[in-house]
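# Report on the structure
Here are the chains, one letter per residue:
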There are 2 protein chains.
Amino acid sequence: MAIKIFITDDHYMIVEGIRSLLQQEKDVEWMGHAMNAASCLGFLQQQQPDVILMDINLPDKSGIDLCQEVKGKYPDIHILGLSSFNQQSFIQKMMEHGASGYVLKNATREELLEAIEAVMKGQKFLSPEVSATNGRNEEIRIPVITRREKEVLALIAEGLTNSEIAEKLFVSTTTVDSHRKSLLAKFEAKNTATLIRMAAKFSFI
Amino acid sequence: MAIKIFITDDHYMIVEGIRSLLQQEKDVEWMGHAMNAASCLGFLQQQQPDVILMDINLPDKSGIDLCQEVKGKYPDIHILGLSSFNQQSFIQKMMEHGASGYVLKNATREELLEAIEAVMKGQKFLSPEVSATNGRNEEIRIPVITRREKEVLALIAEGLTNSEIAEKLFVSTTTVDSHRKSLLAKFEAKNTATLIRMAAKFSFI
DNA sequence: AGAAAAATCCTGTTTTTAGGGGATAGAGGC
DNA sequence: GCCTCTATCCCCTAAAAACAGGATTTTTCT
């Protein structure tokens, strides 16, 4: 019985590319595609594929959130993350939210098929390049920051000083300073420059 | 006579997608593809296409640099930038370096064909979404920074203080401070946070 | 060669951040 | 009820960055 595949990606060329790659495979049944999270969820109400290839960057919500939602509603569907970047932070988040694997957009046809087969068997799969990076860099911790810290971080990134932020949030400057200190600690940054660079890297801003 | 097309992109799925999209077009002749800048330049020594579809992010050099190089050697070739992002800064740079147009990777088959036809006529072409952004935001100035400023910026981003940077570059702290002031002025940033955010946005770091 | 741009250095002052300590009230989980 | 986490607030000091307004020498380009 053929493996039913669905793809959620807003890049038409990628969708077309994957369709073209999988077309000749008789073991794979192409169920169609969605260009955003909403229509992906809509499709799943009607029918369920075995594997979803899911882009990380979708117009209406992040692939990471969609991943969690889909896994919550349909635990049997295997999700393969799909992205151009070999970015540790995204990959890690995606896997934490229920993805079974991760394939880079420069993967070959063989790699893609291998990934699909692996996740169908319940195994994890990472593109060779990704696993290489994984092994090399041990692990990159992505800070968990609170709601308030996020707000403060955003305002710091906008160029506001502690006193300006304090005024905007109706709190004292010492409070803002406390949040700032927590942020520095959590991002393991010793100053604002590193903080903002890290925050940008992990897509907090 | 069919338009000869070549593509330079390291994402196999995109290459496959575009090939699949253009296959059925009899007015278009597919000449092949390169996965990096070096093999693109190698191919061009043998034969020249009419249009190159070129990704911005290549493994060996930026599409922006490759664009300039190709245009320098083969001024008759039309280059169409190709990227997932509707990012003003990249698009602007690409056009400044000789690209005739810019197509997003979520473009439809029709859009792609339209773009190819437009640049063949010597016209400029921007994906509808891109031109919308272009019109809306007037223009976003991308600072032109000097070699030394770039060095200083990189070290600031790494979290070094002025005196640490001074030590590293064998200059006085006041010199570093001067460069820092120029950077703030050029990026229209009033502090380090904004500077780093802007630098990250424009891919300087 | 001459102009323009870049890189280097200087003296100040004021504002902002970083680092070191805390403390307290409230929410939520166990 | 107890504990942890969050958000709030306070003190103090030192370091760093921002602001102002220069000057000189080297490079680079025309």
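This structure is a prediction, so every number in the text was calculated from the model and none was measured. (Residues numbered from 1 in each chain as written. Chains lettered and ligands numbered in written order. Predicted model: local features only at pLDDT ≥ 70, side-chain atom pairs only at ≥ 80, totals over all residues. Heavy atoms only, no water.)

## Considering the overall build of chain A
So the rule is basically this: The secondary structure listing takes helices from DSSP runs of H or I that are at least 4 residues long and strands from runs of E that are at least 2 residues long, numbered from the N terminus. Think of it in three bands: residues with accessible area under 20% of the maximum for their type are buried, residues over 50% are exposed, and the middle band is partly exposed, with areas taken using a 1.4 Å probe on protein chains only. Whether two residues are in contact is decided by their heavy atoms: any pair within 4.5 Å suffices. Asp and Glu are treated as the negative residues and Lys and Arg as the positive ones, with His and the ends of the chain left uncounted. Charge positions are represented by NZ for Lys, CZ for Arg, CG for Asp and CD for Glu.
In terms of helices and strands, chain A carries 10 helices and six strands. Classification of the 205 residues of chain A by burial places 51% in the buried group. Restricting the contact set of chain A to residue pairs at least 6 apart, pairs at least 24 apart contribute 63%. With 23 positive and 27 negative side-chain charges, chain A shows a spacing of 5 Å between the two charge centroids.

## Overview of the domain arrangement of chain A
How we decide: As used throughout, domain bounds are those supplied by an automatic or database domain assignment.
For chain A, the assigned domains are domain 1 (3–136) and domain 2 (147–201). One C-alpha centre belongs to domain 1 of chain A, the other to domain 2 of chain A; they are set 35 Å apart.

## Regarding helix α10 (residues 192–201) of chain B
Within α10(B), seven of the 10 residues are buried, which leaves it mostly tucked inside the rest of the structure. Of all the positions in α10(B), only B:T192, B:A193, B:T194, B:L195, B:I196, B:M198 and B:A199 are classed as buried. Buried positions along α10(B) lie against α7 (147–157) and α10 (192–201) of chain A together with α7 (147–157) and α9 (173–186) of chain B. Within two residues after α10(B), B:S203 carries a phi angle of roughly 60°, on the positive side.

## Some remarks on the protein's contact with DNA strand D
Short version of the rule: Here, proximity means that at least one heavy atom of the residue falls within 4 Å of the molecule or strand. Residues adjacent in sequence count toward polar contacts only when both atoms are side-chain atoms; beyond that, a polar contact is any pair of N or O atoms within 3.5 Å, and within protein one must be able to donate a hydrogen and the other to accept it. Polarity classes work like this: nonpolar for Ala, Val, Leu, Ile, Met, Phe, Trp, Tyr, Cys and Pro, charged for Asp, Glu, Lys and Arg, and polar for all others, with Gly in that last group.
Taken together, the neighbourhood of DNA strand D is formed by 18 residues, with A:T146, A:S172, A:T175, A:S178 and B:T192 sitting nearest. The share of sugar and phosphate among atoms of DNA strand D within 4 Å of the protein is 74%. The contact in question runs from a phosphate oxygen of DNA strand D to an N or O atom on the backbone of B:N162, over 3.0 Å. Of the residues that constitute the surface near DNA strand D, the class distribution is two nonpolar, 10 polar and six charged.

## Quick look at the environment of B:M94
With respect to the helices and strands, the residue B:M94 is situated in helix α4 (residues 88–96). Judged by its relative accessible area of 0%, B:M94 is buried.

## Details of the protein's contact with DNA strand C
Inspection of the region around DNA strand C gives 17 residues, with A:K181, B:T146, B:S172, B:T175 and B:S178 positioned closest. Within 4 Å of the protein, the contacting atoms of DNA strand C are drawn from sugar and phosphate to the extent of 73%. Take A:T192: an N or O atom from its main chain is 2.8 Å from a phosphate oxygen of DNA strand C. One of the backbone nitrogen or oxygen atoms of B:S172 is found 2.5 Å away from a phosphate oxygen of DNA strand C. Broken down by secondary-structure element, the contributors of at least two residues to the surface near DNA strand C are α9 (173–186) of chain A together with α7 and α9 of chain B. The greatest single-element share of the surface near DNA strand C, amounting to four residues, is contributed by α9(B).

## Focus: the packing of aromatic side chains
Residues and elements named next belong to chain B. Quick reminder of the rule: Stacked, edge-to-face and tilted labels apply to pairs of Phe, Tyr and Trp rings (six-membered ring for Trp) whose centres lie within 6.5 Å, assigned for plane angles under 30 degrees, over 60, and everything in between, in that order.
All told, the structure shown has three aromatic pairs over all chains when counted by the stated rule. Summarising the aromatic geometry, the rings of F6 and F43 are spaced 4.1 Å apart at their centres and angled 10° between planes, so their arrangement reads as stacked. Here the residue F6 occupies a position in strand β1 (residues 3–8), and F43 occupies one in helix α2 (residues 37–46), the gap between them amounting to 37 residues. Classification of F43 by relative accessible area gives buried; the value is 16%. Relative to F204, the ring of F187 has its centre 5.3 Å away and its plane inclined at 80°; by these criteria the two rings are edge-to-face. Of the two residues, F187 sits in the loop between α9 and α10 while F204 sits in the segment after α10, which places them 17 residues apart along the sequence. This pair shows no difference in class: F187 is buried, exactly as F204 is.

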